[in-house]
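Examination of the molecular architecture
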Amino acid sequence: MDPELTTLAQSAGVTLVGLMATDAWERTRDGVVALWQRARPERADAVAAELAQTRDDLTHTRDDVAADSTTEEELAAEWQGRIRRLLVDRPQVAAELRALLAELAPGEGPVASPVTQRATASGSSRVYQAGRDQHITER
């Protein structure tokens, strides 16, 4: 699968689950169901039910902080898989999914690739790494 679509699926899964406990939930649910309705209409009702079940699972663990983050990660991974399968089956949906994510989480900006960094330093060397902007002033 195209790495860009994999990244898009990751971002969509995290964004979707993150918005489940917010005021934007209904708009999020409607947007995701509409996306499936256009891409795979035979699955749209099942996706709506799965979204409701995911939200129930998430809201039931909100009181337990440790379970909360673990559950949220697991649920995001589940939705990442569902979205990834949709993108594999219907790659033309990617542009529509990007637009939906931009609408649902406007402050997030464009979907970025995850950052993986590795460095090895020896002797007197220095390593500077950053996932975003980095400003170094040495004198």
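Structure report, in brief. A quick note: this is a predicted structure, and the numbers were derived from the prediction, not measured. Counting restarts for each chain: residues are numbered from 1 in the order of the written sequence. Per-residue local features are limited, in this predicted model, to residues with pLDDT of at least 70; the limit for side-chain atom pairs, both in listing and counting, is 80 or more; totals at the level of whole chains, interfaces and linings are taken over all residues. Hydrogens and waters are ignored; side-chain quantities use all the structure's heavy atoms.

1. Regarding the overall build of the protein chain
Helix numbers and strand numbers start at the N terminus; a helix is a DSSP run of H or I with at least 4 residues, a strand a run of E with at least 2. Within the protein chain one finds 5 helices and 0 strands. Seen in sequence order, the protein chain has helices and strands lined up from the N terminus as α-α-α-α-α. Residues count as neighbours in contact if any of their non-hydrogen atoms are within 4.5 Å of one another. Partitioning the contacts of the protein chain with sequence separation of at least 6, the portion at a separation of at least 24 is 64%.

2. Concerning the nonpolar core
Ranked by size, the top nonpolar core spans 30 residues in total, and within it Leu51, Trp79, Leu87 and Leu97 carry the most contacts. Those elements that place two or more of their residues in this core are helix H1 (3–19), helix H2 (25–39), helix H3 (44–60), helix H4 (65–89) and helix H5 (93–104). The biggest single contributor to this core is H1, with 7 residues. When residues no more than four places from it in sequence are discounted, the contact partners of Leu97 are Leu8, Ala12, Leu35, Ile83 and Leu87. Within this scheme, the nonpolar core is defined by two criteria: the residues are buried Ala, Val, Leu, Ile, Met, Phe, Trp, Tyr or Cys, and they are joined through side-chain atoms within 4.5 Å. Only protein chains enter the accessibility calculation, which uses a 1.4 Å probe. A residue is then buried if its area is under 20% of the maximum for its type, exposed if over 50%, and partly exposed in between.

3. So, the side chain of Arg82
Here Arg82 shows up in helix H4. The exposure class of Arg82 is buried, given its relative accessible area of 18%. When sequence neighbours within four positions are dropped, the list of residues in contact with Arg82 reads Trp36, Glu50 and Thr54.

4. Some words on the packing of aromatic side chains
Classification of ring pairs uses Phe, Tyr and Trp, with its six-membered ring standing for Trp, and accepts pairs whose centres are within 6.5 Å; under 30 degrees between planes counts as stacked, over 60 as edge-to-face, and the remaining range as tilted. Per the counting criterion, the structure on display carries 1 aromatic pair. Considering the side-chain rings of Trp36 and Trp79, the 6.2 Å spacing of their centres and the 85 degrees angle between planes classify their relative orientation as edge-to-face. With Trp36 in helix H2 and Trp79 in helix H4, the pair connects residues that are 43 residues apart, well separated along the chain. By relative accessible area, Trp79 is classed as buried at 0%.

5. Quick look at the pattern of salt bridges
What counts as a salt bridge is simple: a side-chain nitrogen of Lys or Arg found within 4 Å of a carboxyl oxygen of Asp or Glu. All told, the structure shown has 9 salt bridges when counted by the stated rule. Across the pair Arg38 and Glu96 runs a salt bridge, and its minimum N-O distance is 2.2 Å. Residue Arg38 is located in helix H2, and its partner Glu96 is located in helix H5; the two are separated by 58 residues in the primary sequence. Look at Glu96 and you get partly exposed, because its relative accessible area is 29%. Among the ionic pairs, Arg82 bridges to Glu50, the shortest N-O distance being 3.2 Å. Of the two residues, Arg82 sits in helix H4 while Glu50 sits in helix H3, which places them 32 residues apart along the sequence. Using a relative accessible area of 22% as the deciding quantity, one classes Glu50 as partly exposed. Each of Arg40, Glu42, Asp89 and Arg90 takes part in salt bridges that share partners, so that together they form one network.

6. A word on the side chain of Thr71
Among the structural elements, Thr71 can be located in helix H4. Take Thr71: its relative accessible area is 14%, and that puts it in the buried class.

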